[in-house]
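Geometric and topological summary
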Amino acid sequence: MPGLDWHPGGEFTVGGEDELLLVDHRGQMLGPAAAPLTATLSNRGTRGTLKGEIFVDELELETPVCSDAEEVHQSLQHLRRSLITEGVRPMAVGLHPSAGFGSADIATSRRYDRISDEFAGLLRAPTAAFQVHVGVPDPTTALTVYRGLRNRLSVFRALAAGSPYWHARDSGLACVRPAILRSYPRTTMPPALPSWEEYVEAIELAVWAHEVPDYSYVCWELRPQPRLGTIEVRVMDAQSSLARAAGLTALVQGLARHAVESADPQDLPDEVVLANDLRACRYGLEASVVDADRSRRPMRAVAARALDDARKQLAPDGLDGPLDAVEAILVEPPEYVRQRALYEREGMPAVLASLAARTADVDG
């Protein structure tokens, strides 16, 4: 299939995609009023790219290819600051906590029109993620990294979980964003892929069965990106803290290196990966999950070991500093706990104000 040839993406380079919701002074979604704003703001430069998303009141900030997480941090800092300088109010959260059901306003383009027609009413609420790419040189390395990250995908979900509210109600979940994404066609957990040939076969089957143009319409929560030469991690909620976004980027980079240095002997079965993810969505860091060796452990213990594995890979090159923010996630109250506590004290307006203020604090 055209487009599935691997284009070398570098030796564990990284890049971030920072999805941000656009809100007014009350923290509410802008809706159609955002359309001319996103058109004006969309641009491409050497320090990153601003572009509109399928929802008119959402922007995606893309870093260039970076050597490490600190460069990703600096690029996103520049991009967020450029928004704020223009008077834009961004909010980084996996799902807007109080947006009404079915309140989404859809942008138009050839790609978006196709998706909108296919998804219909499923596109009912804007979601926002923090996505990380890690560059690898060839398909063999790509699948080794894919296997290592897939076996630990629930760790990224739990560490980044920060969307407990939807439609102004507590969902009971640490991360409710996937409940919406799971309703979209082809947005699934990543399957076990023993070989590159089996990846190509799986993608070709999906593209044929769903009658879509190419592999980019197959949105596994972890996926190879042959055109970019990267493995893309898609499970993480948008992060209001850039320090935490950088820390999660470093965790992806470190665990990608670890996967090559100490390859897992086996893939977790698809059903186990799905069960781990559901538990991470429900309980966050308080979950228990099946580890890569198929033993059941507390999520915090699995995450701590993943952090240690990543630090061992990055420390010799002096690249482990951003991981301190990940370590802090394991020590401080998780984001979903913080939001609930604030809601109990001061109500939903305080939650919205806090999310917007922390997103705008690019130096914090």
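Please refer to the structure placed before this passage.
Presented here is an overview of the structure given in this document. (Residues numbered from 1 in each chain as written. Predicted model: local features only at pLDDT ≥ 70, side-chain atom pairs only at ≥ 80, totals over all residues. Heavy atoms only, no water.)

As for the packing of helix H8 (residues 242–261) against helix H11 (residues 323–331)
How we decide: The axes used here are C-alpha line fits, helices contributing only the stretch in contact, and every angle between their N-to-C directions lies in the interval 0 to 180 degrees. What counts as a helix is a DSSP run of H or I of at least four residues, what counts as a strand is a run of E of at least two, and both are numbered from the N terminus. By the definition adopted for this analysis, an angle is roughly parallel if under 35 degrees, roughly antiparallel if over 145, roughly perpendicular if from 65 to 115, and oblique otherwise. The contact criterion used is simple: two residues touch if any of their non-hydrogen atoms lie within 4.5 Å. In this count, Pro and Cys sit with the nonpolar residues alongside Ala, Val, Leu, Ile, Met, Phe, Trp and Tyr, while Asp, Glu, Lys and Arg are called charged and the others, Gly among them, polar.
Their axes nearest at 7 Å, the elements H8 and H11 cross at an angle of 105°. It follows from the interaxial angle that H8 and H11 lie roughly perpendicular. Residues Ala243, Arg244, Gly247, Leu248, Ala250 and Leu251 of H8 lie in contact with H11, whose contacting residues are Leu323, Ala325, Val326 and Ile329. Of the residues assigned to the contact of H8 with H11, the class counts are eight nonpolar, one polar and one charged.

What to know about the packing of helix H5 (residues 153–160) against helix H9 (residues 270–283)
Running from amino to carboxyl end, H5 crosses H9 at an angle of 10°, the nearest separation of the two axes being 9 Å. When the interaxial angle is binned, H5 and H9 end up roughly parallel. Every residue of H9 that contacts H5 at Ser154, Arg157 and Ala158 is listed here: Asn276, Asp277, Ala280 and Cys281. In the contact of H5 with H9, the residues fall into three nonpolar, two polar and two charged.

Observations concerning a negative patch on the surface
Filter applied, for reference: Like charges are joined within 9 Å and nonpolar side chains (Val, Leu, Ile, Met, Phe, Trp, Tyr) within 5 Å, but only among residues with over 30% relative accessible area and no salt bridge; these make up the patches. Computed by Shrake-Rupley with a 1.4 Å probe, the accessible areas treat only the displayed protein chains as cover when residues are assessed. The salt bridge definition used is simple: a Lys or Arg side-chain nitrogen within 4 Å of an Asp or Glu carboxyl oxygen. When charges are counted, Lys and Arg are positive and Asp and Glu negative, with His and the chain ends excluded. Think of each charge as sitting on NZ of Lys, CZ of Arg, CG of Asp or CD of Glu.
Residues Glu197, Glu198, Glu201 and Glu204 make up a contiguous surface patch of negative charge. Tracing the chain through its elements places glutamate 204 in helix H7 (residues 196–210).

Some remarks on H11
Put simply, the test is: Relative accessibility decides the category of a residue: with a 1.4 Å probe and only protein chains considered, values under 20% of the type maximum give buried, values over 50% give exposed, and everything between is partly exposed. Along the arc lie the directions from the helix axis toward the C-beta atoms.
Here H11 has its buried residues at Leu323, Ala325, Val326, Ile329 and Leu330. Burial along H11 is one-sided: seen end-on, the buried residues are contained in an arc of 155°. The elements touched by buried residues of H11 are H5, H8 and helix H10 (299–314).

Considerations on the side chain of arginine 223
Keep this limit in mind: Whenever a nitrogen or oxygen atom comes within 3.5 Å of another N or O atom, the pair is scored as a polar contact, on the condition that within protein one atom can donate a hydrogen and the other can accept it, and that pairs from neighbouring residues in sequence are kept only if both atoms are in side chains.
Note on placement: arginine 223 falls in strand S9 (residues 222–225). Given the relative accessible area of 8%, arginine 223 is considered buried. Only 3.2 Å separates the side chain of arginine 223 from the backbone oxygen of serine 216, close enough to count as a polar contact. At 3.1 Å, the side chain of arginine 223 and the backbone oxygen of valine 218 are in polar contact. Residues within four places of arginine 223 in sequence aside, it is in contact with Tyr146, Tyr215, Ser216, Val218, Thr230, Ile231, Glu232 and Arg234.

Concerning the pairing of strand S1 (residues 14–22)
Test applied: Whether two strands pair comes down to DSSP finding at least two bridges between them.
For S1, the buried fraction is high: nine of the nine residues fall into the buried class. Burial along S1 is two-sided: Val14, Gly16, Asp18, Leu20 and Leu22 and Gly15, Glu17, Glu19 and Leu21, pointing in opposite directions, are all buried. When S1 meets strand S6 (residues 130–135), the two strands line up antiparallel, connected through five bridges. Following the sheet pairing, glycine 15 is matched in S6 by histidine 133. In this structure, S1 lies alongside strand S4 (residues 58–62), joined through five bridges in antiparallel fashion. In the strand pairing of S4, aspartate 18 is matched with leucine 61. Strand direction decides the pairing type here: S1 and strand S5 (residues 90–91), joined by two bridges, are antiparallel. Bridge pairing in S5 places leucine 21 opposite methionine 91.

A look at the packing of aromatic side chains
So the rule is basically this: The aromatic pairing rule takes the rings of Phe, Tyr and Trp, using the six-membered ring of Trp, and pairs them if the centres are within 6.5 Å, calling planes under 30 degrees apart stacked, those over 60 edge-to-face and the rest tilted.
One pass over the full model with this rule turns up five aromatic pairs. Relative to tyrosine 199, the ring of tryptophan 196 lies with its centre 4.7 Å away and its plane at 40°, an arrangement referred to as tilted. Of this pair, tryptophan 196 and tyrosine 199 are both found in helix H7, three residues apart, which corresponds to roughly one turn of the helix. According to the relative accessible area criterion, tryptophan 196 is buried, its value standing at 15%. Ring geometry for tyrosine 199 against tryptophan 220: centres 6.1 Å apart, planes inclined by 75°, an arrangement best described as edge-to-face. One end of the pair, tyrosine 199, is in helix H7; the other, tryptophan 220, is in the loop between H7 and S9, with 21 residues separating them in the sequence.

Regarding the side chain of glutamate 232
With respect to the secondary-structure elements, glutamate 232 resides in strand S10 (residues 230–233). Relative accessible area serves as the criterion here: at 1%, glutamate 232 is assigned to the buried category. Among the polar contacts made by the side chain of glutamate 232, one reaches the side chain of arginine 223 at a distance of 2.8 Å.

Here's the deal with the pattern of salt bridges
A full pass over the atoms with the stated rule returns 30 salt bridges. Notably, a salt bridge pairs glutamate 232 with arginine 223, separated by 2.8 Å at the nearest N-O pair. No difference in accessibility class separates glutamate 232 from arginine 223, as the two residues are buried. Between arginine 311 and aspartate 320 there is a salt bridge, with the nearest N and O atoms lying 3.1 Å from each other. Relative accessible area serves as the criterion here: at 18%, aspartate 320 is assigned to the buried category. Each of Arg157, Arg182, Glu221 and Asp277 takes part in a single network of salt bridges with overlapping partners.

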